[in-house]
Every structure is written in C-alpha cells, then in structure tokens.
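Chains, contacts and geometry: an overview
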Amino acid sequence: MVKLMFALRRRPDLTREEFQSYWRDHHVPLVRSHAEALGIRRYIQVHTLADEFQAALRASRQAPEAYDGVAELWYDSLESIAAAVATEAGQAASVALLEDERRFIDHERSPLWFGEEHPIIGDQGWS
C-alpha cells in the first residue's frame, strides 16, 4: 500500500470548527463518490483537538502551530494511482476534489506527500 498524506491548514477566513465541519460533512461525500474512479482503498481524517490541549505539548518541544488535520488516502501502488488519473473519470474526479478543497484548505501552507507505512507497534509490528 502507498499512502498520500496531506497535512491540512484551513483557509484564513475559516475557524478550525468551520474547517473541520466542512471537511467532514461536505468533502467526505465527494471523496466517497469518486473513490472508485481514483482507486482510493481507504480514506482517514484526523482532526486536531482544541487549542487548549495543544499548548503544553507544543511548548514542551518548541513546536510550531498544529495543523488543522491530516488526511490519509490509501492506494494499491503508485502505478495504480497513475492508471486511475489517466482515465477520463479519474481526471474529472481529481478536478472535482481539487475545486472543493479550495473552499476550505490553504494549499500553500498544506504539505502533501506519498509515503509507505512501516508499522512498529500494533497490527503488523511488535506490541
């Protein structure tokens, strides 16, 4: 499996609550509707908790401001992604998702990357 990881920052005109609500309630159905065309095997959203829980953690590591959330999209392989976006349906799905993302994500401050999981503790690692 290959993962597309997306560390999300909200647009400056949205509160974290507005961002997370839109992401969960409006973007999720759109992703579901295009998952087959894009070859998405699994989609996970991780929503950042309220700021008062973050301050001590950030301070203990001199860390920057937290992201508003992280998205994980799972695919069979990089080749399967390339094959999916080479189709008319995959291209249309990619455009639809990008257009919707522009409604709530600050793309210039939201890094994304492909990666491969290496479990350490849990299902496939030691516990």
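Conventions we followed
Residues numbered from 1 in each chain as written. Predicted model: local features only at pLDDT ≥ 70, side-chain atom pairs only at ≥ 80, totals over all residues. Heavy atoms only, no water. Helix = DSSP H or I, 4+ residues; strand = E, 2+ residues; numbered from the N terminus. Buried < 20%, exposed > 50% of the residue type's maximum accessible area, 1.4 Å probe, protein only. Contact = heavy atoms within 4.5 Å. Areas by Shrake-Rupley, 256 points an atom, 1.4 Å probe, with all protein chains shown as cover. 1 Å grid on protein atoms, 1.4 Å probe; cavity = no way out; pocket = protein on both sides within 12 Å on 5 of 7 lines; lining within 4 Å. Points joined across faces, edges and corners; volume = space filled by probe spheres on them. Nonpolar A, V, L, I, M, F, W, Y, C, P; charged D, E, K, R; others polar.

Moving on to the overall build of the protein chain. Broken down by element type, the protein chain carries 4 helices and 4 strands. If one aligns the C-alpha atoms of the protein chain with their principal axes, the spans along those axes are about 45 × 45 × 25 Å. A burial count over the protein chain gives 34% of its 127 residues as buried. Long-range contacts, defined here as pairs at least 24 residues apart, represent 80% of the contacts in the protein chain between residues at least 6 apart. Surface exposure of the protein chain reaches about 8,300 Å², of which carbon and sulfur atoms provide 55%.

What follows concerns the layout of surface pockets. Taken as a whole, the largest pocket holds about 420 Å³ of empty space. Lining the largest pocket we find 23 residues, and of these Leu 4, Leu 73, Tyr 75, Leu 97 and Glu 101 sit closest to its centre. For the lining of the largest pocket, the secondary-structure elements that each account for two or more residues are strand S1 (2–8), helix H1 (16–38), strand S3 (69–75), helix H3 (78–85), helix H4 (88–101) and strand S4 (112–115). Classifying every residue of the lining of the largest pocket by side-chain character gives 20 nonpolar, 2 polar and 1 charged.

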